[in-house]
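Coordinate analysis (summary)
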Protein chains: 2
Amino acid sequence: MADGRNSGTIGGENLLFLTDEQLRQGIEAMFFAYRGFTADPDRILADLAYGRAHHRAVHFINRAPGTTVNNLLNILGVTKQSLNRVLRTLIADGLVESRVGKTDKRERHLHLTDDGRALESRLSDAQRARMRSAFRDAGPDAVAGFRTVLEAMMDNEMQRAYTRLKESGS
Amino acid sequence: MADGRNSGTIGGENLLFLTDEQLRQGIEAMFFAYRGFTADPDRILADLAYGRAHHRAVHFINRAPGTTVNNLLNILGVTKQSLNRVLRTLIADGLVESRVGKTDKRERHLHLTDDGRALESRLSDAQRARMRSAFRDAGPDAVAGFRTVLEAMMDNEMQRAYTRLKESGS
DNA sequence: AGTTTATGTCAGCCTTGTTGACATTCCAAG
DNA sequence: CTTGGAATGTCAACAAGGCTGACATAAACT
């Protein structure tokens, strides 16, 4: 595995797509593509004194309105202190509303305000535009493969979060 | 574009894979998968008081031994000051060697030491293991699609950097 | 009543981005 | 040959956003 070689062809099946060189290209593609993936929203956010952390919060609050802080924590995979700092500024700036839970008053349910939704749209339009262009260039079969590989790359926990969101889709 | 709808079917071609919902799933898949992508090396690095930035530097120095600081800067897309801090610790810890350029003494050419190569192997074995497992689960066609979409998602500049590295592959 | 759970806050640390200032080296125009 | 600008790299200081730990509060559960 650390011998710098590859898996070659085994058992009559062609596994040349699993050589170390192929894997390294996949790793580097992932690295560069992720930069492209975040570049457009980052540019918008920089003007607003917000960062990627704010984008993520706004995205998932929009995706699951009324979600609790704890729920968001699990999706984002950060500490509550870290998330709280971001939420505090978003609430102070009037982009997010925090409502005390009806049945369980310890919980805070998070919603975007109109301003919050406006920002979310701006950010996600920019990000979708690039994704759309990439998808269109690549074609439907490539897109299906793209999604298959990404899903296989997630941890089980993330896969569950992802699937839950996917199935709640409009 | 901000109307919450999709591209539907246009001109007789099926473009259902370009709906806003599909794009959003692609965006979220990218987000969760990237976490998986970095999770294994991050765990190793945490024990060593290094971060992701050190991993990236070590990866690309290994990939292109003798590269200059400036060259690395372009690949990584950070400021030279930021890279320099990382390089300084790597050099101090004896993982990277910085050699003054022969023809141009302003340049520093970067090489991994044996220890540096050992760390690189550990990190990249972990990352490749996950990538290999994802590739194998997904199959060669999905992998091809994965790469096609990622390449289409890069900026032109990154695409050039990526292609240059790819073509210099062993 | 006592324990657990959900949330928020304060303080302080680390990594890794940023800008600004500066030193060294090279090269080319005068 | 000198001098000024460009290229390259280093040092200092700051900000964002991760992290841990400690603690307060309120509600829910037993």
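The present account deals with the structure reproduced in this document. (Residues numbered from 1 in each chain as written. Chains lettered and ligands numbered in written order. Predicted model: local features only at pLDDT ≥ 70, side-chain atom pairs only at ≥ 80, totals over all residues. Heavy atoms only, no water.)

Focus on the relation of the copies chain A and chain B
Of the transformation superimposing chain A on chain B, the axial component is 0.0 Å and the angular component is 180 degrees, with the fit at an RMSD of 0.2 Å. Taken together, the rotation and translation relating the two chain copies correspond to the operation of a two-fold axis. Closest approach to the rotation axis among the C-alpha atoms of chain A is made by A:Phe146, whose C-alpha sits 1.8 Å away. A shared binding surface is used by both copies, with 100% of the interface residues of chain A retained as interface residues in chain B. (Least-squares fit on C-alpha atoms with pLDDT ≥ 70 in both. Contact = heavy atoms within 4.5 Å.)

Examining the protein's contact with DNA strand C
The immediate surroundings of DNA strand C are formed by 25 residues, with A:Asn70, A:Lys80, A:Arg106, B:Arg56 and B:Arg85 found nearest. Measuring from a phosphate oxygen of DNA strand C, one finds a backbone N or O atom of A:Asn70 at 3.1 Å. Sorting the residues of the surface near DNA strand C by element identifies α3 (69–76) and α4 (80–92) of chain A together with α2 (52–63) and α4 (80–92) of chain B as the ones contributing at least two each. (Near = heavy atom within 4 Å. Polar contact = N/O pair within 3.5 Å; in protein donor to acceptor, adjacent residues only side chain to side chain. Helix = DSSP H or I, 4+ residues; strand = E, 2+ residues; numbered from the N terminus.)

Regarding the packing of α3(A) against α4(A)
Residues and elements named next belong to chain A. Close contact between α3 and α4 brings their axes to 10 Å; oriented N to C, the two are set at 110 degrees. It follows from the interaxial angle that α3 and α4 lie roughly perpendicular. The two elements α3 and α4 meet at a crossing, and its hand is right-handed. Where α3 approaches α4, its residues Val69, Leu72, Leu73 and Leu76 are matched on the opposing element by Lys80, Leu83 and Leu87. In the contact of α3 with α4, the residues fall into 6 nonpolar, no polar and 1 charged. (Axes fitted to C-alpha atoms, helices over the stretch in contact; angles between N-to-C directions. Parallel < 35°, antiparallel > 145°, perpendicular 65-115°, else oblique. Left-handed = near helix turned anticlockwise from the far one by under 90°. Nonpolar A, V, L, I, M, F, W, Y, C, P; charged D, E, K, R; others polar.)

Describing the interface of chain A and chain B
With 65 residues of chain A at the interface, the matching set in chain B holds 65 residues. For the chain A face of the interface with chain B, the top three residues by lost area are A:Ile27, A:Phe32 and A:Met153, together amounting to 10%. Connecting chain A to chain B are 10 salt bridges. The interface formed by chain A and chain B contains 18 residue pairs in polar contact (both at pLDDT 80 or more). Breaking the side of chain A that touches chain B down by element, the ones donating at least two residues are α1 (20–47), α2 (52–63), α3, α5 (114–138), α6 (140–153) and α7 (156–167) of chain A. When residues in the side of chain A that touches chain B are grouped by element, the largest group, 19 residues, is from α1(A). In terms of residue class, the side of chain A that touches chain B is made up of 34 nonpolar, 15 polar and 16 charged. (Buried area = accessible area lost by both parts, 1.4 Å probe. Salt bridge = Lys/Arg side-chain N within 4 Å of Asp/Glu carboxyl O.)

A look at the environment of B:Val78
Residue and element names in this part refer to chain B. Relative to the helices and strands, Val78 resides in the loop between α3 (69–76) and α4. The exposure class assigned to Val78 is partly exposed, which follows from its relative accessible area of 36%. Separated by 25 residues in the primary sequence, Val78 and Ala53 have C-alpha atoms spaced 9.9 Å apart. When near neighbours in sequence (up to four residues on either side) are disregarded, Val78 contacts Leu73 and Leu83. (Buried < 20%, exposed > 50% of the residue type's maximum accessible area, 1.4 Å probe, protein only.)

Regarding the protein's contact with DNA strand D
Looking at DNA strand D, there are 24 residues lining it, with A:Arg56, A:Thr103, B:Asn70, B:Lys80 and B:Asn84 nearest. The share of sugar and phosphate among atoms of DNA strand D within 4 Å of the protein is 56%. At 2.6 Å, a side-chain N or O of B:Lys80 approaches a base oxygen of DNA strand D. Between B:Arg106 and DNA strand D, the recorded distance is 3.3 Å, taken from a side-chain N or O atom to a sugar or linking oxygen. Looking at the surface near DNA strand D, the elements with two or more residues in it are α2 and α4 of chain A together with α3 and α4 of chain B. Split into classes, the residues belonging to the surface near DNA strand D amount to 3 nonpolar, 10 polar and 11 charged.

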